[in-house]
Amino acid sequence: MVRIQGIIPCWSIEQEVRKPMRRKLIAGNWKMHGSLMQNESLLRALIGAQSPDHVDMAVLVPAPYLDQVRQILQGTNCAWGAQDVSDEVRGAFTGEMAASMLGEFGCRYAIVGHSERRQRHGETDALVARKAQRALEAGLTPIVCLGESLEQRERGETKSVVRRQFGAIIEVLGAEGISMSTLAYEPIWAIGTGRSATAAQAQEVHGWLRQQMAEHAETVAAGLRILYGGSVKASNAVELMSQPDVDGALVGGASLVAEEFLAIARAAAQ
Ligand code: PEP
């Protein structure tokens, strides 16, 4: 296990005796969408609206827009972050973004291991774990994506795939690192397809994943935020968000429409 230096956990693993309250997070993954003009109107609509109490909100934007997003969201209750981070600290790595650089732009979060990167860029479980570690070292919260393909689900391999992905993360971060991370269960077949997992399917994997964590550290499992991602929209958010082990959502397409994104946040607040 690698210890993460210089980061104070929000609650101590040893001292925690009560079940911590998990605050829901609704995070919008803009993917490779947006323009300076579109971002401005989307962000102004988000901060101009009444956002729900007791729910954290964030947008995860293409790197060229981080400065714009920082200028608009600074001092609001919507955080921001990046969609990827390098597993290296600094050096001759053309095209990569160091976690410390994201920190300079006020990022609170960085997605790691999104299936679009695992598939298109050949990111392995071990690489994803190192990326999460770099994010933590720079004081960012990694949002670590896990999830199975349709073929894997149909072969009954969902749990073995997610167990393997999670195993790589815990091996590198240890329970302490996981306590400062957020997980996102994102079945690949539900991403961008309009076909969300049912609330029962999501709950089954989330509850099981929390149990996997509990086998390492029960208190970390109780406080671990596990988001669901895959075709979340205003119309299915209430049911998904009401599941006991669903602690928010990673939202792709619907995060580009202010009213949809806000409606999902309001659903999480119920
Ligand atoms: C995602 O890209 O993380 C995602 C969940 O996308 P969508 O909501 O569009 O399915």
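Our structure is the block above this text.
Residues numbered from 1 in each chain as written. Predicted model: local features only at pLDDT ≥ 70, side-chain atom pairs only at ≥ 80, totals over all residues. Heavy atoms only, no water.

*Asks:* Any details on the sheet that holds strand β7 (residues 225–229)? Residues and values, ideally.
*Replies:* Strands pair in a sheet through their backbones, by hydrogen bonds, and they do so in one of two ways: parallel or antiparallel. The strand order around the closed barrel built from eight strands is β1-β2-β3-β4-β5-β6-β7-β8, with neighbouring strands paired in parallel fashion. Taken pair by pair, the neighbouring strands of this sheet meet at an average axis angle of 25°, ignoring direction. Pairing of strand β2 (residues 55–60) with strand β3 (residues 78–82), which is carried by four bridges, proceeds in the parallel orientation. Paired with Ala58 across the strands is Ala79, a residue of β3. Contacts between helix α5 (residues 125–137) and the sheet are confined to β4 (109–112) and β5 (141–146), with β5 contributing the most and set at about 160° to the helix. (Pairing = 2+ DSSP bridges. Helix = DSSP H or I, 4+ residues; strand = E, 2+ residues; numbered from the N terminus. Axes fitted to C-alpha atoms, helices over the stretch in contact; angles between N-to-C directions. Contact = heavy atoms within 4.5 Å.)

*Asks:* If you had to explain the environment of Ser86 to someone new, which residues and values would you point to?
*Replies:* Mapped onto the secondary structure, Ser86 falls in the loop between β3 and α3 (99–104). The exposure class assigned to Ser86 is buried, which follows from its relative accessible area of 3%. Separated by 44 residues in sequence, Ser86 and Arg130 have C-alpha atoms that sit 8.5 Å apart. Discounting residues that sit within four places of it in the chain, Ser86 has contacts with Glu96, Met97, Ala98, Lys131 and Arg134. A distance of 2.5 Å separates polar atoms of two side chains, one belonging to Ser86 and the other to Glu96. (Buried < 20%, exposed > 50% of the residue type's maximum accessible area, 1.4 Å probe, protein only. Polar contact = N/O pair within 3.5 Å; in protein donor to acceptor, adjacent residues only side chain to side chain.)

*Asks:* Please set out helix α7 (residues 158–179) residue by residue, giving values where relevant.
*Replies:* Its 22 residues place the ends of α7 only 23 Å apart at the C-alpha level, less than the 32 Å of an ideal helix rising 1.5 Å per residue. The largest bend along α7 reaches roughly 100° and is located at Leu173. Counting buried positions along α7 yields 16 of 22 residues, so the element is predominantly enclosed. (Expected span 1.5 Å × (residues − 1). Bend = angle between axes of the 7 residues up to and from the residue.)

*Asks:* If you had to explain the pattern of salt bridges to someone new, which residues and values would you point to?
*Replies:* Counted by the stated rule, this structure contains 21 salt bridges. Notably, a salt bridge pairs Glu259 with Arg266, separated by 3.3 Å at the nearest N-O pair. (Salt bridge = Lys/Arg side-chain N within 4 Å of Asp/Glu carboxyl O.)

*Asks:* Outline the site of the ligand, supporting the account with residue identities and numerical values.
*Replies:* Close to the ligand lie 14 residues, the nearest being Lys31, Glu186, Gly192, Ser231 and Gly252. Here the ligand loses 95% of its free accessible area of 290 Å² to cover by the protein chains. Here the shell around the ligand is composed, by residue class, of four nonpolar, eight polar and two charged. (Near = heavy atom within 4 Å. Areas by Shrake-Rupley, 256 points an atom, 1.4 Å probe, with all protein chains shown as cover. Nonpolar A, V, L, I, M, F, W, Y, C, P; charged D, E, K, R; others polar.)

*Asks:* I'd like to hear about unusual backbone geometry, residue by residue, with values.
*Replies:* Even without a glycine there, the phi angle at Lys31 is positive, about 50°. Structurally, the position occupied by Lys31 is in the loop between β1 (24–29) and α1 (36–48).

*Asks:* I'd like to hear about the packing of aromatic side chains, residue by residue, with values.
*Replies:* Tallying each qualifying case throughout the model produces one aromatic pair. Each ring, one from Tyr185 and one from Tyr228, has its centre 6.4 Å from the other, and the planes form 55°; the classification is tilted. Linking Tyr185 in strand β6 (residues 182–185) with Tyr228 in strand β7, this pair joins segments that are 43 residues apart in sequence. By the burial criterion, Tyr185 is buried, and Tyr228 matches it. (Phe/Tyr/Trp six-rings, centres within 6.5 Å; stacked < 30°, edge-to-face > 60°.)

*Asks:* Run through the pairing of β7, naming residues and quoting values.
*Replies:* Burial runs high along β7: five of the five residues are buried. Going residue by residue along β7, you find Arg225, Leu227 and Gly229 tucked away on one face and Ile226 and Tyr228 tucked away on the opposite face as well. For β6 and β7, the ladder comprises four bridges, and the chain directions are parallel. Its bridge partner lying in β7, Thr182 is registered against Arg225. Sheet analysis places β7 next to strand β8 (residues 248–251), joined by two bridges and oriented parallel. Bridge assignment links Gly229 to a residue of β8, and that residue is Leu250.

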